[in-house]
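What the coordinates show
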Amino acid sequence: MLKKSSTDKNQLFVDYFFVKFGQPNKNIYNNMDEQQKLDAFQAKIDAEIKIEPKDWMPEEYRKHLQRQISQHAHSEVIGMQPEGNWVLRAPSLRAKVVLLAKIQDEAGHGQYLYAAGETLGKSRDEFIEELQTEKAKYSSIFNYPTLTWADMGAVGWLVDGAAIVNQVSLQRTSYGPYARAMVRICKEESFHQRQGYEIIAHMAKGTPEQKAMAQDALNRLWWPSLMMFGPHDADSPNLGNGVKWKIKRETNDELRQKFIDKTVHQAEVIGLTIPDPDLKWNEETGHYDYGKIDWDEFWNVVKGNGPCNKQRLEHHKRAHNNGKWVREAALAYAQKQKAKQMVA
Ligand code: BYC
């Protein structure tokens, strides 16, 4: 099939409007009533034309994205903490350098995502305030402790592995700045996944004690990794709008299934066992069947009662307060430069 170029897609949109409203594309929203605007917006989404910051968009679409993008950004930043815990205890200089580089990448992901979120008309300060006052969420997975070096392997392999599955799909999300941020993030995430898999594979081939540590990390982090994809589709209140507006290209359950199907084989290759007695290949569906996820545990963690929720937020607040002078200095410097340019 021939791929439609963006010009073709734009033409499709314009054609649609001539047929439906008999008006040209320029300033198309100006003379429309609310329902026509919504129809026009949906037609654009259906024609696979990206929505850009200055385009008209329904308030609900804007809010949906502010919520999702900021929560994604918070996850990247809070997600640095469980790994930061191991920088000083990495078992070799190489391991330390690689881990440090990975954690710095996560900070960068947070930056791209906050910047993408800000294009929707909310400031970074507001997003951070929502995180610190627990109005905004971040991924449940980061509320579990990282107890051994094997956890650094399991985080990269499973947590970044799950994140990639979701984020590859988000590269095609309908909001331009979010989709573009995902392209770069995905490239970096695949390095993260490989560094984690290398650690866990190395330990799985090591002494019996090392192999036991690798299995223990898998046992503790497997189920929380499956929870990263969110509740089952039937219990996902944001799914309807997410799919209609092509913010979400695949559902929580579809992505979770993709992750399971590809990860089971990776565990087999290194001789580890997925901690799920109900895991079984299903010839008919062409997928693995899996056991029941403990949704009580999930909601308990999401509501702030996981093993590390309090610790993670307190650390974020402390670091944010300690960095206040840096933000003030950067702002003063920028203002000074701007004043100089005005004089010149
Ligand atoms: N944890 O209607 P649903 C990384 C909430 S970081 C906490 O299905 P939606 C990394 C959900 O927000 C990558 N909360 O929602 C970094 C909603 O509550 P609100 C993180 C969760 O949005 C450092 C409610 O439950 N990736 O890779 O359609 C080191 C109902 O859910 C969770 C992203 O953030 C959860 N797991 O779907 C290493 C991806 N799941 O907001 C690695 C971007 C659900 O209505 N986000 N909730 O109060 C998404 O793709 C979607 O937002 C989700 C949820 C799939 C997470």
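For the structure given in this document, a descriptive report is provided here. (Residues numbered from 1 in each chain as written. Predicted model: local features only at pLDDT ≥ 70, side-chain atom pairs only at ≥ 80, totals over all residues. Heavy atoms only, no water.)

Looking only at helices and strands, one finds 14 helices and two strands in the chain. Its C-alpha atoms give the chain a radius of gyration of 23 Å, within 12% of the compact-globule value 20 Å for 344 residues. Its C-alpha atoms put the chain at 75 × 65 × 35 Å along the principal axes. Put simply, the chain has 344 residues, and 49% of those count as buried. Considering only contacts in the chain between residues 6 or more positions apart, those separated by 24 or more positions represent 74%. A total of about 18500 Å² of accessible surface is found on the chain, and carbon and sulfur atoms cover 55% of it. (Helix = DSSP H or I, 4+ residues; strand = E, 2+ residues; numbered from the N terminus. Rg over C-alpha atoms; globule rule 2.2 N^0.38 Å. Buried < 20%, exposed > 50% of the residue type's maximum accessible area, 1.4 Å probe, protein only. Contact = heavy atoms within 4.5 Å. Areas by Shrake-Rupley, 256 points an atom, 1.4 Å probe, with all protein chains shown as cover.)

On to the nonpolar core. W149, W157 and W222 are the most contacted members of the largest nonpolar core, which has 52 residues in total. Breaking this core down by element, the ones donating at least two residues are α5 (93-118), α7 (149-170), α8 (176-204), α9 (208-227), α11 (252-269) and α12 (295-305). Counting residues per element, this core draws most heavily on α7, at ten residues. With 25 residues, the next largest nonpolar core counts M32, F41, I51 and I247 among its residues. (Core = buried A, V, L, I, M, F, W, Y, C linked by side-chain atoms within 4.5 Å.)

Turning our attention to the side chain of Q81. Looking at the element boundaries, Q81 is found in helix α4 (residues 80-84). Using a relative accessible area of 14% as the deciding quantity, one classes Q81 as buried. Filtering out sequence-adjacent residues up to four positions away, Q81 remains in contact with Q311, R312, H315 and H316.

Attention shifts here to unusual backbone geometry. Positive phi, normally seen in glycine, also occurs at E134, with a value near 65°. One can find E134 in the loop between α6 (124-132) and α7. Of note, the phi angle at K246 is positive, near 55°, even though the residue is not glycine. Within the secondary structure, K246 sits in the loop between α10 (239-244) and α11. By relative accessible area, K246 is classed as buried at 18%.

Around the ligand, the surrounding shell holds 36 residues, and the nearest of these are R67, K137, S236, K248 and N252. In this structure, an oxygen atom belonging to the ligand sits 2.5 Å away from a side-chain N or O atom of K137. Contacts to the ligand include N238, whose backbone N or O atom sits 2.9 Å from an oxygen atom. Here the ligand, which alone exposes 1000 Å², has 91% of that area covered by the protein. Put simply, the parts of the chain that give the shell around the ligand at least two residues each are α3 (59-78), α5, α7, α8 and α12. In terms of residue class, the shell around the ligand is built from 14 nonpolar, 13 polar and nine charged. (Near = heavy atom within 4 Å. Polar contact = N/O pair within 3.5 Å; in protein donor to acceptor, adjacent residues only side chain to side chain. Nonpolar A, V, L, I, M, F, W, Y, C, P; charged D, E, K, R; others polar.)

Orientation of α9 relative to α11, taken along the N-to-C sense of each, is 150°, at an axis distance of 9 Å. Facing W222, S225 and L226 of α9, the residues of α11 in contact are R256, F259, I260 and T263. Broken down by class, the residue content of the contact of α9 with α11 amounts to four nonpolar, two polar and one charged. (Axes fitted to C-alpha atoms, helices over the stretch in contact; angles between N-to-C directions.)

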